[in-house]
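Examining the three-dimensional arrangement
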Amino acid sequence: MKQFFFPDDLGEAGSLLDERGCEFQVSDPVLTNEFEDFFENAALALHLVGKDGTILRANRAELEMLGYRAEEYVGRNIREFHADSGAIEDILNRLARREQVQHYRARLRAKNGSIRWVEITSNVRAAGDRFLNTRCITIDVTEKAKAQELVLEQEQRLAITYENAGTGIVEADAEGQLLRVNSHLCKLLGYTPEELIGRSIFDCTFPADAEADREKYRRQVAGEIDSYTMEKRFVCKNGSIVWAVVNSSSVHDGNGQFRYAVRVQHDISERKRIEAALAERAEQQAAIHQFTEMLQHARTREDMYEPALDAIQRALQCQRASILLLDNNGHMKFEAWRGLSDTYRLAVEGHSPWSTESQNPQPICVGDTEKADFPEQLKQAIRAERIRAVCFVPIMEGGRLLGKFMAYFDQPQNYSEEQIEVARNIARQLGFGIERIKGENAAQRLAAIVESSHDAIVSKDLNGIILTWNRGAERLFGYSASEVVGKPITIIIPQDRLPEEPLILGRIRNGELVDHFETIRRRKDGSLVDISLTISPVRDATGRIVGASKIARDITEQKIAEAEVRDSQRHLQDLLAAIPAAIYTTDQHGKITYFNEAAVHLAGRTPEIGSDQWCVTWKLYWPDGTPLPHDECPMAVSLREGRPVRGVEAIAERPDGTRIPFIPYPTPMRDAAGKIIGGINMLVDVSERKQAETQQRVLLNELNHRVKNNMMMLKSLLSVAARESQNSEARKTLEEASKRVATMAAAQRVLYDTPDASNFSAPLFLEAICDTAKPMFPANIQLVCSADPIQLPNDIAMPLALIINELLINAVKHGSTATASATIRVGIRQNGRKQVLTVEDEGPGFDLGAVRHSSSGLRLVEGLAGQIRGTLEVARDPSRCVVIFSQAPGENGIEVKNGNI
């Protein structure tokens, strides 16, 4: 039977209790003392605790461990010395359930306030079911606990450091499978730890870098190398690429065999980006430097284009490029290009994102042409050319838009500020080069012009010393350049004109321009010559006036011509004054510049030169008595429209109230370049003619009456003859003749009913012809006639009336049936300067060429159309006959409608 006891287990009379509570006797006092000594002096801390937690007894080791005296410790509740109330309650509860407590870790408070870690082993001493006390062994494990805490803390720190390190860390086995990854690597690649663990370290490696990494890792696992470092690219979950420096180190077991590899991966994407940017920047600078160097040797624009295209493609890394410049009409034209089709260039040429007036235009970079807000036609052309990104860069010089260059990319682009600035630099250099060549060419042309100019071109300093002398000066003054350069300009100035030179130099010093100064100079042979001088200040680069440029033109012939013009003007004025008709002239604005006495007589007043406008008369009226404003009079129309006005009448009212009918003949006057510089008008008094026209009208009315009676008599005779004829062919011919005579009679009636002896109204004319024709047609024919309110000359009335009659007969005959109703439309329209007659029916139409020889009516129509200088045209769907003619008075003058212009 196993026994254990504490000295306090001794019962009365030397009895002991075994572990089951059975009492047995210890009769030996020596043995009792041994037990007591063992408890008190044991190396282990021992104590007894009652059921309520009261400390019944504690040995020296326990008191020394906590630093208490027996009276400070024994008799107090054990709970007071435990730092964790939960721990002691758990221990007491276990013991109360008769459970043994083995190596229970707890914390006790020492007297000095420190905490001691202990491991408690305890069980219960009981008598039957009666709880007597607990017996506890307390082992001080404070140093061990501290060591464990330190190890745990170090492990936690290592884990935190591993997890939160600013670089990616992984552990991989010999097969390269990932055993452990930290959060930084997960963030770097965009995967969760669960997605990475178990995968190969080569799965996320950029394909081009995988083989080199795989070979080095094989050697590391084989023990050929202990570690290696390399730069490689990773493919992230989202498809992006990151650069990293990988340090792979081996971890071995106790036998030196490879266990796993620790791979530290440091993100160097930013460094790579900076290196790439620096390399790109260096390439850009090299491209610009080379382009600038090439520009120095360019002598023509074409010399610049190839170096410019090289620089654009090299600096911007684009696949294609082009250069466009503004032409004289402000349109963008391709000057040079690479990789562009003719179809694309034709489709987009002329397009520009900036106007010629744009202030400070900026580059326009389109990252994706499919998403750009281009016009659909432009977008289609770009799509067909497979352009995915494009950059428009303005070429400027002196704030003025010269053109643009374009960079084309085969893939969408993200443009950096550096790229845009490089593009600006190339455009700036290109603009400088274009303007430099333009300036050099202009200087060369200017030098050639100066040297070959017929005018004398001379330069001098502010002291009047001659600096340059062209061939024109040699011809004009007779001196060679070697004879006069370095001498004073007074060598060619006559004595009486010497005071002019100081005045001229004074104005030049003040920055003034001496323009067309007429004077006299002396040639080498002593003869004098009339010249016109234009003298301009010459400035240096700082704007300081350093001399003068003088252009001298021989005006001897001009002087002679001016004298002749003055004589001619005097003769012309004498001639105009002698003409009995009223004549006056105006400037281009209509202001009166001249009038003769006849104009004063007709107007009944003296016009004011430079004040009166358009006409010399006081008031104007149309022939029907309605007022005619001066700014709508024939002279105003002539100057405004730049043409002579003819065939118009008007009435002038004098200040005394009398009225004079007159016909004006305004005509614009032009200079040698064709520009209108004024006008001349002649007003012809037609008072006597008006009286004669009144008498003529009486005679014409009588004549009209007789002609009308004769035509009606002729129509009646033809109708009677047709009815009485037994021959059907003769009867048909007589009926057609009767209809034509009726048509001519209708036209005759309109002509003689109009108050104008030379023109007739188209609407009235067409109405009369149609009214005459309607009774001759079947009842099922509806005739619709309309005409524009235009005036037609008398000499086309009869041919036009007969043409209408023939076309109507043709439409009735072939464009309708005997039973169904049909509509025939006749119209006369004004179309620009032409008049158009149309006759339209509902029939199928016909081919003029096919029926011309079988239809005498159509041949008659073509012949009559030729008389009025017109043409006959035939169309189908709908069936339409069209006669286009132009015989109105507006053909050579102004058009007259109801007396208005």
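Residues numbered from 1 in each chain as written. Predicted model: local features only at pLDDT ≥ 70, side-chain atom pairs only at ≥ 80, totals over all residues. Heavy atoms only, no water.

Moving on: the packing of aromatic side chains. This structure, assessed with the given rule, holds 10 aromatic pairs. Taken together, a centroid distance of 6.0 Å and an interplanar angle of 85° make the contact between Tyr 344 and Tyr 408 edge-to-face. With Tyr 344 in helix H11 (residues 342–348) and Tyr 408 in strand S17 (residues 400–409), this residue pair connects regions lying 64 residues apart in the sequence. A relative accessible area of 3% means that Tyr 344 is categorised as buried. (Phe/Tyr/Trp six-rings, centres within 6.5 Å; stacked < 30°, edge-to-face > 60°. Helix = DSSP H or I, 4+ residues; strand = E, 2+ residues; numbered from the N terminus. Buried < 20%, exposed > 50% of the residue type's maximum accessible area, 1.4 Å probe, protein only.)

Time to look at the packing of helix H23 (residues 797–814) against helix H25 (residues 856–867). In the contact formed by H23 and H25, the axes pass within 9 Å of each other and the chain directions differ by 155°. One element, H23, and the other, H25, form an angle in the roughly antiparallel class. Crossing of H23 against H25: the hand is left-handed. Contacts from Pro 799, Leu 802, Ile 803, Glu 806 and Leu 807 in H23 reach Gly 857, Leu 858, Leu 860, Val 861, Leu 864, Ala 865 and Gln 867 in H25. Looking at the contact of H23 with H25 residue by residue, the class counts come to 9 nonpolar, 2 polar and 1 charged. (Axes fitted to C-alpha atoms, helices over the stretch in contact; angles between N-to-C directions. Parallel < 35°, antiparallel > 145°, perpendicular 65-115°, else oblique. Left-handed = near helix turned anticlockwise from the far one by under 90°. Contact = heavy atoms within 4.5 Å. Nonpolar A, V, L, I, M, F, W, Y, C, P; charged D, E, K, R; others polar.)

Right, let's get into the nonpolar core. Judged by nonpolar contacts, the single largest core of 41 residues is most densely connected at Leu 800 and Leu 837. Listed by contribution, the elements that provide at least two residues to this core are helix H22 (762–773), strand S31 (781–787), H23, strand S33 (822–831), strand S34 (834–841), H25 and strand S36 (879–885). Looking at this core element by element, the count peaks at 10 residues for H23. Here Leu 800 is in contact with Phe 765, Leu 792, Ile 828, Leu 837, Ile 868 and Phe 885, once residues within four sequence places are set aside. Ranked by size, the runner-up nonpolar core spans 33 residues in total, among them Ala 308, Ile 323, Leu 325 and Phe 409. (Core = buried A, V, L, I, M, F, W, Y, C linked by side-chain atoms within 4.5 Å.)

This brings us to the pattern of salt bridges. On inspection of all chains with the given rule, the structure shows 49 salt bridges. Here Asp 540 and Arg 544 are joined by a salt bridge, their closest N and O atoms 3.3 Å apart. Given a relative accessible area of 26%, Asp 540 falls into the partly exposed group. Taking the relative accessible area as the measure of exposure, Arg 544 reaches 53% and is therefore exposed. Among the salt bridges present, the one from Glu 840 reaches Arg 880, with a minimum N-O distance of 2.8 Å. (Salt bridge = Lys/Arg side-chain N within 4 Å of Asp/Glu carboxyl O.)

The next subject is the sheet that holds S36. Within the open sheet, the 5 strands sit side by side as S31-S33-S34-S36-S35. Their pairing is mixed. Each having just a single partner strand, S31 and strand S35 (871–875) make up the two edges of the open sheet. Adjacent strand axes in the sheet meet at a mean angle of 15°, parallel and antiparallel pairs treated alike. Pairing of S33 with S34, which is carried by 7 bridges, proceeds in the antiparallel orientation. Pairing of Gln 830 across the sheet is with Gln 835, part of S34. Here H22 sits on the sheet and contacts S31 and S33; the angle it forms with S31, its principal contact strand, is near 165°. Packed on one face of the sheet, H23 meets S31, S33, S34 and S36 and runs near 20° to S34. (Pairing = 2+ DSSP bridges.)

Sheet strands pair via backbone hydrogen bonds, and the direction of the pair is either parallel or antiparallel. Pairing is antiparallel in the open sheet, where 5 strands are placed in the order S19-S18-S22-S21-S20. If you trace the sheet from one side to the other, it starts and ends with strand S19 (466–469) and strand S20 (514–522), each paired once. In this sheet, neighbouring strand axes are inclined to one another by 30° on average, regardless of whether the strands run parallel or antiparallel.

Here we come to the environment of Leu 108. With respect to the helices and strands, the residue Leu 108 is situated in strand S5 (residues 101–109). For Leu 108, a relative accessible area of 4% translates into the label buried. Spatially, the C-alpha atoms of Leu 108 and Ile 78 are 9.6 Å apart, while their sequence positions differ by 30 residues. Sequence-distant contacts of Leu 108, that is, excluding residues within four places in its chain, are made with Met 65, Leu 66, Phe 81, His 82, Ala 83, Ser 114, Ile 115, Arg 116, Val 118 and Thr 138.

Let's shift gears to the pairing of strand S22 (residues 545–554). Bridge count between strand S18 (residues 456–461) and S22: 6 bridges; the pairing is antiparallel. By the bridge assignment, Ile 457 is partnered in S22 with Ile 551. In the sheet, strand S21 (residues 528–539) pairs with S22 via 9 bridges, with the strands oriented antiparallel. Pairing of Ile 531 across the sheet is with Asp 554, part of S22. Hairpin connection from S21 to S22: 5 residues lie between these consecutive antiparallel strands, with Gly 543 at a positive phi of about 90°.

With respect to the element layout, Glu 306 can be found in helix H10 (residues 301–316). Residues Glu 306 and Met 294 lie 12 residues apart in sequence; the distance between their C-alpha atoms is 9.7 Å.

Here we take up helix H9 (residues 269–295). Here H9 spans 38 Å end to end across 27 residues, near enough to the 39 Å set by a 1.5 Å rise per residue. Among the residues making up H9, those that are buried are Lys 272, Gln 284, Ala 287, Ile 288, Phe 291 and Leu 295. (Expected span 1.5 Å × (residues − 1).)

Two elements in contact, H22 and H23, have axes separated by 11 Å at closest approach and are oriented at 40°. Judged by the inter-axis angle, H22 sits oblique to H23. The handedness of the crossing between H22 and H23 comes out as right-handed. Packed against H22, whose contacting residues are Phe 765, Leu 766, Ile 769 and Ala 773, the element H23 presents Ala 797, Leu 800, Ala 801, Ile 804 and Leu 808 at the interface. Class assignment of the residues belonging to the contact of H22 with H23 gives a composition of 9 nonpolar, no polar and no charged.

This part is about the pairing of S36. The buried fraction of S36 amounts to 5 of the 7 residues, a majority that puts the element mostly inside the structure. Relative to S36, S34 runs antiparallel, the two being bridged by 7 bridges. Counted as the bridge partner of Gln 835 is Phe 885 from S36. In the sheet, S35 pairs with S36 via 5 bridges, with the strands oriented antiparallel. Paired with Thr 871 across the bridge in S36 is Ile 884. Hairpin connection between S35 and S36: a loop of 3 residues separates the two successive antiparallel strands, and Asp 877 in this loop has a positive phi of roughly 50°.

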